[in-house]
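# Notes for the structure review
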Amino acid sequence: MIWTSLLIVSLVLLLWIVVRNRLSWSWLRGFSLQLIAAAAVLYLLNYSDIIPNLYIPLNPVTVGTVVALGVPGIALIAGVQYFFV
């Protein structure tokens, strides 16, 4: 119960900061576009068979890596999967 109330209070405060600052909207829009693009690229790579026998799961870690690093993030995940999995 404590964690849920802490999460709700944090969410409300974060939304209040985003609404109050106009600069936050451009940052939020850019991040959202990067997130959607990263998920779409991973989805296309998984189901188009451009690279045979490569499946990168869509989860917060992989999408976050691709959002943060871009195309090298996809290469990083593919390399980790190839060599370690």
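Computed from a predicted model, the values in this text were never measured in an experiment. (Residues numbered from 1 in each chain as written. Predicted model: local features only at pLDDT ≥ 70, side-chain atom pairs only at ≥ 80, totals over all residues. Heavy atoms only, no water.)

In this model, helix α4 (residues 71-84) (14 residues) spans 20 Å end to end at C-alpha, consistent with the 20 Å of a helix rising 1.5 Å per residue. Buried within α4 are the following residues: Gly73, Ile74, Ile77 and Ala78. For α4, the angular spread of buried residues about the axis comes to 135°, placing them on one side. Exposed positions of α4 whose direction lies more than 90 degrees from the buried face are Val71, Pro72, Ala75, Tyr82, Phe83 and Phe84. (Helix = DSSP H or I, 4+ residues; strand = E, 2+ residues; numbered from the N terminus. Expected span 1.5 Å × (residues − 1). Buried < 20%, exposed > 50% of the residue type's maximum accessible area, 1.4 Å probe, protein only. Arc of directions from axis to C-beta.)

Here we come to the nonpolar core. By size, the foremost hydrophobic cluster in this structure holds 11 residues: Ala38, Leu42, Leu45, Leu54, Ile56, Val63, Val66, Val67, Ile74, Ile77 and Ala78. Non-local contacts of leucine 54, meaning those with residues more than four positions away in its chain, are made with Leu45, Asn46, Ala78 and Gln81. (Core = buried A, V, L, I, M, F, W, Y, C linked by side-chain atoms within 4.5 Å. Contact = heavy atoms within 4.5 Å.)

Once that is clear, we can look at the packing of helix α3 (residues 60-69) against α4. Remark: α3 packs on α4, axes separated minimally by 6 Å, with the N-to-C direction vectors making an angle of 140°. Here α4 runs oblique to α3, going by the angle between their axes. Contacts between α3 and α4 involve Thr62, Thr65, Val66 and Leu69 from the first element and Val71, Pro72, Gly73, Ile74, Leu76 and Ile77 from the second. Residue composition of the contact of α3 with α4, by class: 7 nonpolar, 3 polar and no charged. (Axes fitted to C-alpha atoms, helices over the stretch in contact; angles between N-to-C directions. Parallel < 35°, antiparallel > 145°, perpendicular 65-115°, else oblique. Nonpolar A, V, L, I, M, F, W, Y, C, P; charged D, E, K, R; others polar.)

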